[in-house]
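Commentary on secondary and tertiary structure
Residues per chain, in single letters:
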Amino acid sequence: MIHPYSNATQTKWNRGEFRVQLNLPNNSRPMGYCDGSAADEAELRAMAEEEGVHALAIHKKFLKTGREVWTLGGPAA
């Protein structure tokens, strides 16, 4: 499940309760957070298709903590 950015979800990310942070290119604030499951990735692709993006690029950066940062639709950060 995709959790949109809010102060509460940012706090959960800081505590390690989410495994993946979702970023958009050229945006300093995260789009949201998720657990990184295949269902989460499918949900992101469905959201992109609803907005007219048919080939969503997801660049995954693996952190030393075991968590990940996904940049959606642009060059990897």
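Here's what I pulled together on the structure shown here. Starting afresh in each chain, residues are numbered from 1 along the sequence in its written order. Selection of residues for local features in this predicted model requires a pLDDT of at least 70, selection of side-chain atom pairs for listing and counting requires 80 or more, and totals for whole chains, interfaces and linings are taken over all residues. Side-chain metrics in this entry use all non-hydrogen atoms of the structure; hydrogen atoms and water are not considered.

1. What about the nonpolar core?
Each nonpolar core is a collection of buried residues, namely Ala, Val, Leu, Ile, Met, Phe, Trp, Tyr and Cys, held together in the definition by side-chain atoms within 4.5 Å. Any residue under 20% of the maximum accessible area for its type is buried, any over 50% is exposed, and the rest in between are partly exposed; the area is computed with a 1.4 Å probe on protein chains only. Among the nonpolar cores identified, the biggest contains ten residues, and these are Ile2, Val20, Leu22, Cys34, Leu44, Ala48, Leu56, Ile58, Trp70 and Leu72. Helix numbers and strand numbers start at the N terminus; a helix is a DSSP run of H or I with at least 4 residues, a strand a run of E with at least 2. Mapped onto this core, the elements with two or more residues apiece are β2 (20-23), α2 (38-50) and β5 (68-72). Whether two residues touch is decided by their heavy atoms; if any such pair falls within 4.5 Å, the residues are in contact. Cys34 has contacts with Met1, Ile2, Phe18, Arg19, Val20, Leu22, Asp40 and Trp70, leaving out every residue within four places of it along the chain.

2. A closer look at the sheet that holds strand β1 (residues 3-4)
One open sheet accounts for five strands, arranged β1-β3-β2-β5-β4; its pairing is mixed. If you trace the sheet from one side to the other, it starts and ends with β1 and β4 (58-62), each paired once. Two elements, β1 and strand β3 (residues 32-34), share two bridges in a ladder whose sense is antiparallel. The residue of β3 that forms the bridge with His3 is Tyr33. Only the stretch in contact is used when fitting a helix axis, every axis being a line fitted to C-alpha atoms; angles between N-to-C directions are given from 0 to 180 degrees. Most of the contacts of helix α1 (residues 7-14) go to β3, to which it runs at about 50°, and overall it touches β1, β2, β3 and β5. At least two bridges found by DSSP between two strands are what make those strands a pair.

3. Considerations on the packing of aromatic side chains
Only the six-membered ring of Trp is used, alongside the rings of Phe and Tyr, when aromatic pairs are assigned; centres must lie within 6.5 Å, and planes under 30 degrees apart are stacked while those over 60 apart are edge-to-face, with the rest tilted. Counted according to the given criterion, the structure contains two aromatic pairs. Ring centres of Phe18 and Tyr33 lie 5.6 Å apart, and the angle between their planes is 10°; this geometry places the pair in the stacked category. One end of the pair, Phe18, is in the loop between α1 and β2; the other, Tyr33, is in strand β3, with 15 residues separating them in the sequence. On the basis of relative accessible area, Tyr33 is assigned to the buried category, the value being 0%. Lying over the aromatic face of Trp70, Lys60 brings its terminal NZ or CZ to 4.6 Å of the ring centre. Whether a charge sits over a ring depends on NZ of Lys or CZ of Arg being within 6 Å of the ring centre and within 35 degrees of the ring normal. The ring of Trp13 has Arg67 sitting right over it, with the charged end atom 3.9 Å from the ring centre.

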